[in-house]
Number of protein chains: 2
Amino acid sequence: MSDFVRIIEVAPRDGLQNESTEISLDIKRQFIANLVDAKVTEIEATSFVSPKWVPQLADADELLQGLPSGPLYSALVPNRRGLDRAIASGVKRIAVFTAASEEFTKKNINMTIEESLDEFKVVIQGFREAGGDFVRGYLSTIVECPYAGKISPAAVVEVAEKLLDLGVDEISFGETLGVAAPSEIQRLIEAVDKRIPREYTVWHFHDTNGTGVANVATALDYGYRAFDASAAGLGGCPYAKGAGGNVATEDVVYLAHRMGFETGIDLETLSRASLSVLDALGKSPTSKAQVASLASMRVPAESGR
Amino acid sequence: MSDFVRIIEVAPRDGLQNESTEISLDIKRQFIANLVDAKVTEIEATSFVSPKWVPQLADADELLQGLPSGPLYSALVPNRRGLDRAIASGVKRIAVFTAASEEFTKKNINMTIEESLDEFKVVIQGFREAGGDFVRGYLSTIVECPYAGKISPAAVVEVAEKLLDLGVDEISFGETLGVAAPSEIQRLIEAVDKRIPREYTVWHFHDTNGTGVANVATALDYGYRAFDASAAGLGGCPYAKGAGGNVATEDVVYLAHRMGFETGIDLETLSRASLSVLDALGKSPTSKAQVASLASMRVPAESGR
């Protein structure tokens, strides 16, 4: 098995869209430049969602112009209106978004799962025709839905197979609520691994209740080598206001390196990368590996405030 | 295997001794009363270490008088001078402290491992003769030492067997630095499990770098059912100033309950238990499960400041 672990940095998109404070275009650009300095190789930079719904990312078009070269950048495209903007921006990677729970897609994107897949078919085809390279498919609420409760592994696999049939290049399996214990991820993996090739699989854990790193460790144990993560764990949980967001990239990088994997990422540079964003959000670092790394460099953890 | 997970709450001792701010006797008493309200059943309340070395716990004798009944209380006894104070206090459970690393015991308690075991022999015998019930043996630096680097599982097992020979009732295996990945805990468990009965084994993880909960999950997977933990993750890491301390009890309780285990502890009450201590320390909660629990009750996470 590969000793390289892919980290897809999602803070600029998934992190900031879940923070209620808007971050200026300048700070976002500097943040991404800092991530590039830390040798992050894949970054989801923004979303072409309607600015009415997510004003935090209304600057998507501008942001994508003039980003530092090096990483692969992607942008979330929720529908065909977003696709037109994505194509105009020249971004070569997009992500589409659905869920394993009907209730969640209805409340979150106002479509059934089937309708969301129909929309993606058009989006993916249009993107390919316009010369796009790569499509990620987000599949969220893989363990639990805030409206429908527990989700069965079979329901997750069913939607995942449909996403593969649509021609996505990878699926990001999202534990959206950050509630799952590793035992639940083990059960889910036993189902997913039979049907979805590992090279198409990325795990996307949230850390609302402190189990995010344990879930990453579980997927690593099963041989998975690709994870979404968010610098400084940016991004709250809209279902538990004030609680944690995505699993922190610093924590995932620390874990991976300590287990002997390579990520290509410099943990110390990464730990500093988010400080001006945290400052703008009025937050202190909460990722343990980030705090420890800052402490070892004698950077006060409060310098993010 | 049992579906009950024992949690030994160590914040009043291991947590507060590593916080540089002194907490008043009143706040400590209220903290312990709050822990009792949360149905915590085992609490390490204080230490009979010399007040010269740990002024934060100089009130050990006073604190142990008049604690609410219910839990089993223990106190750390570093040497025979501490034993006299422990016996006078009437505490029925004590803990002794050594390490798997010679360099660590020399720097930390100014003894070789062998000298520390000789001292314990006297302490344990004196405690038994005075009618003491139960002795915990702390065995720290089980993965890495700040002075000697990596520690071999064989070295850990060797000291653990000597502790059992001395008649301790359980061994708390301490990952003092909070650096270990679950893969290292797996390797250590493979060695420990062959020689040390599980009913004598408690795991004591620190969460300096975000791997604490993952390490607890690993030990649970192997069938272990007893863990030290610290409310709110109190206790810094003296080797990384500003970094996290013990794994947070809230995170461990969340994990255990989510995996279907019982702990007897009420997570919401526990999440509030440390707020006045955090306030006195000028800290905000950093345990993810605590923050999420406070958020779900609409208690502002900043109410600890």
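Residues numbered from 1 in each chain as written. Chains lettered and ligands numbered in written order. Predicted model: local features only at pLDDT ≥ 70, side-chain atom pairs only at ≥ 80, totals over all residues. Heavy atoms only, no water.

Residues and elements named next belong to chain A. A cluster of acidic residues, Glu102, Glu103, Glu115 and Asp118, forms a negative patch on the protein surface. Along the polypeptide, glutamate 115 turns up in helix α6 (residues 113-129). Note on glutamate 115: relative accessible area 43%, which makes it partly exposed. (Patch = residues over 30% accessible without salt bridge, like charges linked within 9 Å, V, L, I, M, F, W, Y side chains within 5 Å. Areas by Shrake-Rupley, 256 points an atom, 1.4 Å probe, with all protein chains shown as cover. Salt bridge = Lys/Arg side-chain N within 4 Å of Asp/Glu carboxyl O. Lys, Arg positive; Asp, Glu negative; His and termini not counted. Charge placed at Lys NZ, Arg CZ, Asp CG, Glu CD. Helix = DSSP H or I, 4+ residues; strand = E, 2+ residues; numbered from the N terminus. Buried < 20%, exposed > 50% of the residue type's maximum accessible area, 1.4 Å probe, protein only.)

For the rest of this paragraph, the subject is the packing of helix α4 (residues 80-89) of chain A against α6(A). Residues and elements named next belong to chain A. Relative orientation of the contacting elements α4 and α6 amounts to 15 degrees, with a least axis distance of 9 Å. By the criterion of interaxial angle, the relationship of α4 to α6 is roughly parallel. Crossing angle aside, the handedness with which α4 passes α6 is right-handed. Contacts from Arg80, Leu83 and Ile87 in α4 reach Glu119, Val122, Val123, Gly126 and Phe127 in α6. Tallied by class, residues from the contact of α4 with α6 come to five nonpolar, one polar and two charged. (Axes fitted to C-alpha atoms, helices over the stretch in contact; angles between N-to-C directions. Parallel < 35°, antiparallel > 145°, perpendicular 65-115°, else oblique. Left-handed = near helix turned anticlockwise from the far one by under 90°. Contact = heavy atoms within 4.5 Å. Nonpolar A, V, L, I, M, F, W, Y, C, P; charged D, E, K, R; others polar.)

Next up on the list: the interface of chain B and chain A. Taken together, the contacts link 35 residues of chain B with 35 residues of chain A. Here chain B packs against chain A, burying approximately 2600 Å² in sum over the two surfaces, 56% of which is carbon and sulfur. Interface area lost by chain B to chain A is led by Asn209(B), Arg258(B) and Lys288(B), which between them contribute 26%. Here chain B and chain A share 12 residue pairs in polar contact (both at pLDDT 80 or more) between them. Where the side of chain B that touches chain A is concerned, the elements lending two or more residues are α8 (182-195), α9 (212-221), α10 (249-258) and α13 (288-296) of chain B. Broken down by element, the residue count for the side of chain B that touches chain A peaks at five residues, all from α13(B). For the side of chain B that touches chain A, a count of residues per class yields 17 nonpolar, eight polar and 10 charged. (Buried area = accessible area lost by both parts, 1.4 Å probe. Polar contact = N/O pair within 3.5 Å; in protein donor to acceptor, adjacent residues only side chain to side chain.)

Below, the discussion takes up the pairing of strand β1 (residues 6-9) of chain A. As a general feature of sheets, a regular strand has side chains that alternate between the two faces. Residue and element names in this part refer to chain A. One ladder, built from four bridges, connects β1 with strand β10 (residues 226-229); its direction is parallel. Bridge pairing in β10 places isoleucine 8 opposite aspartate 228. When β1 meets strand β2 (residues 42-47), the two strands line up parallel, connected through two bridges. Within the sheet, the bridge partner assigned to glutamate 9 lies in β2 and is isoleucine 43. (Pairing = 2+ DSSP bridges.)

Attention now goes to the environment of Gln17(B). Looking at the element boundaries, Gln17(B) is found in helix α1 (residues 11-17). Apart from the residues within four sequence positions on either side, Gln17(B) is in contact with Val54(B), Gln56(B) and Leu57(B).

All names here are of chain A. The strand order β1-β2-β3-β4-β5-β8-β9-β10 describes a closed barrel built from eight strands, whose pairing is parallel. The mean angle between the axes of side-by-side strands here comes to 25 degrees, regardless of whether they run parallel or antiparallel. Here helix α5 (residues 102-109) sits on the sheet and contacts β4 (93-99) and β5 (134-140); the angle it forms with β4, its principal contact strand, is near 120 degrees.

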